[in-house]
Each structure stands twice: as C-alpha cells, then as structure tokens.
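Geometric and topological summary
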Amino acid sequence: MLALDFVNTLTAEEDRLPQWLAEQGLPWSEAVLELRGHVEAAVLAARDGDEPDLAPVNAALRGAPAYEVLSWSGSVVRTQERQGDEVSRALAVLAGAAADLLTSPAVLKVKTCEGPGCRLLFVPAHPRRRWCDPATCGNRVRVARYYQRHKD
Ligand SMILES: [Zn+2]
C-alpha cells in the first residue's frame, strides 16, 4: 500500500524517505517530509475513529489537480496527468495514495507493529498478526521471550 510504504520510510533506526522517493521516481522536498507526518497522523486518527486533520492532505491534492488525457496508440487510450510542478505533483500523488487508504475500510485495520522499538504500520493479512514482519520483529520477540524463560 503506497500510503503505508510512504509513512514507513521513517523507521526506528533510520529515515529512508530520500531513498524511497528516488525509487518511486519522486523528488525529495521539505514539503514531502511534512506531508508524511500529516499522513501518518491522519491514518492513526481515522483508524481510531477520530476526525483526522485533512487540511494538509487536501492542500497537497489541490496543488496538482489531475486531468484525463486521451491519446492514440492503435486504439484510444485514457491516461491521467497532473498540473503543477514536479514537487506539487509528487505531493498530490502521495496525498492521493493517502486518500485511497483513508477512504478504504482497510484504514480501520491498520496496526502499529508490537515489535520492540518498531514503529511500522501495516494492515495484517491475518487479524491476529502483531508484527510488521514475523521474520524480523516477530522473531526478535520470540528470541527475547526464549532468553527470558531460560534465564533462571
Ligand atoms: Zn516491526
């Protein structure tokens, strides 16, 4: 999910935002960094049934409105493009991804990983899943429990 990937670029250890944006072909900017914080806050509020602050997300959407373009490629193809400069378009794409999540029933299922020191958000494939990644955070918890149990 693009919105969660965006939010999850800030891990407990590092900020992967510049790298992630480059992978997405999007430019880094201070505004993108700020939008990430707003998206995270909005997702957590919506998950908890509280009214999110939607103004920053709306502003990003408004900054580069989408329009449709028809072109010919053996048949008529409809694509979507956006107005605005590169940064405004990046903000609008990320805000659009946030809008997809915020308006989806999946937002109610978003969980914060219970792994020690982990802050990643995820939508569990299984309702009882507690870790962003059972192979890393889940394993870390199991190992810690094992040592706890075998300490005495
Ligand atoms: Zn985790």
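Each residue is numbered by its place in its chain's sequence as written, counting from 1. For a predicted model such as this one, the threshold for reporting local features is a pLDDT of at least 70, and the threshold for listing and counting side-chain atom pairs is 80 or more; totals across whole chains, interfaces and linings nevertheless cover every residue. Each side-chain value is worked out from all heavy atoms of the structure, with water and hydrogens disregarded.

If you look the chain up in an unreviewed UniProt entry, it shows as CGNR zinc finger domain-containing protein from Lentzea rhizosphaerae.

Focus: the overall build of the chain
For clarity, the cut-off: Elements are defined by DSSP. Helices are runs of H or I of four residues or more, strands are runs of E of two residues or more, and each kind is numbered from the N terminus. Put simply, the radius of gyration uses C-alpha atoms, and a globule should come to 2.2 Å times the residue count raised to 0.38. Accessible area is worked out with a 1.4 Å probe on protein chains only. A residue is then buried under 20% of its type maximum, exposed over 50%, and partly exposed in between. Residue burial considers only the protein chains on display, and all accessible areas are found by Shrake-Rupley using a 1.4 Å probe.
Along the backbone of the chain there are six helices and four strands. Put simply, the chain runs from its N terminus to its C terminus through helices and strands in the order α-α-α-α-β-β-α-β-β-α. Taken over C-alpha atoms, the radius of gyration comes to 19 Å for the chain, far larger than the 15 Å a tight globule of 152 residues would show. A principal-axis box enclosing the C-alpha atoms of the chain has dimensions of 70 × 40 × 30 Å. Looking at the chain as a whole, 35% of its 152 residues qualify as buried. Of the accessible surface of the chain, which amounts to about 9300 Å², a share of 53% is contributed by carbon and sulfur atoms.

Regarding the side chain of Arg-36
Applicable threshold: Only heavy atoms enter the contact rule, under which two residues are in contact if any of them lie within 4.5 Å.
Mapped onto the elements, Arg-36 comes out in helix 3 (residues 30–47). Dropping the residues within four chain positions of it, Arg-36 is found in contact with Phe-6, Val-7, Thr-9, Leu-10, Asp-15 and Leu-17.

With respect to the packing of helix 3 against helix 5 (residues 86–102)
Stated formally: All axes here are fitted lines through C-alpha atoms, helices being fitted over the stretch that makes contact, and every angle between N-to-C directions spans 0 to 180 degrees. What sets the label is the angle itself: under 35 degrees gives roughly parallel, over 145 gives roughly antiparallel, 65 to 115 gives roughly perpendicular, and the rest give oblique. We call Asp, Glu, Lys and Arg charged. Ala, Val, Leu, Ile, Met, Phe, Trp, Tyr, Cys and Pro are nonpolar, and the rest, Gly among them, are polar.
Axis separation between helix 3 and helix 5 bottoms out at 11 Å; the angle between their running directions is 5°. Taken together, the axes of helix 3 and helix 5 are roughly parallel relative to one another. Only Leu-91, Leu-94, Ala-95, Ala-98, Leu-101 and Leu-102 of helix 5 make contact with helix 3, whose side of the interface consists of Ala-31, Val-32, Leu-35, Val-39, Ala-42, Val-43 and Ala-46. The class makeup of the residues in the contact of helix 3 with helix 5 is 13 nonpolar, no polar and no charged.

With respect to the coordination of the zinc ion
We count it as follows: Excluding water, the donors of a metal are its N, O and S neighbours within 2.8 Å, or within 3.2 Å for Na, K and Ca, and that exclusion means sites may look incomplete. Note on geometry labels: four donors, all angles 85 to 135 degrees, give tetrahedral; four donors become square planar and six octahedral when opposite donors are over 155 degrees apart and every other angle is between 65 and 115; remaining cases are irregular.
Around the zinc ion, the protein contributes the donor atoms Cys-113 (SG), Cys-118 (SG), Cys-132 (SG) and Cys-137 (SG), which lie 2.2 to 2.3 Å from the metal centre. Around the zinc ion sit four donor atoms; with metal-centred angles ranging over 104 to 115°, the donor geometry is tetrahedral. Each donor residue of the zinc ion belongs to the same chain, with the gaps between them written as C-x4-C-x13-C-x4-C. Note that Cys-113 is positioned in the loop between strand 3 (111–112) and strand 4 (121–122) and Cys-132 in the loop between strand 4 and helix 6 (134–149), a separation of 19 residues in sequence. Look at Cys-132 and you get buried, because its relative accessible area is 18%.

Topic: the packing of aromatic side chains
Two aromatic rings, taken as a pair, are described by how far apart their centres are and by the angle between their planes. Here is the rule: Planes of paired rings set the category: under 30 degrees apart is stacked, over 60 is edge-to-face and the rest tilted, where pairs are Phe, Tyr or Trp rings (Trp by its six-membered ring) whose centres lie within 6.5 Å.
If you walk through the whole model with that rule in mind, you get one aromatic pair. Between Phe-6 and Trp-20, the aromatic rings sit 5.8 Å apart at their centres with planes inclined by 20°, giving stacked as the arrangement. On the criterion of sequence distance, the pair formed by Phe-6 in helix 1 (residues 2–7) and Trp-20 in helix 2 (residues 17–24) is long-range, its members being 14 residues apart. Residues Phe-6 and Trp-20 agree in their burial class; the two are buried.

Section: the side chain of Thr-9
Operational definition: For this analysis, a polar contact is any N or O atom pair within 3.5 Å, provided that within protein one partner can donate a hydrogen and the other can accept it, and provided that sequence-adjacent residues contribute only side-chain to side-chain pairs.
Looking at the secondary structure, you find Thr-9 in the loop between helix 1 and helix 2. Engagement of the side chain of Thr-9 in a polar contact is seen with the backbone oxygen of Phe-6, the distance being 2.6 Å. Beyond its immediate chain neighbours, meaning those up to four positions away, Thr-9 contacts Glu-14, Asp-15, Arg-16, Leu-17, Trp-20 and Arg-36.

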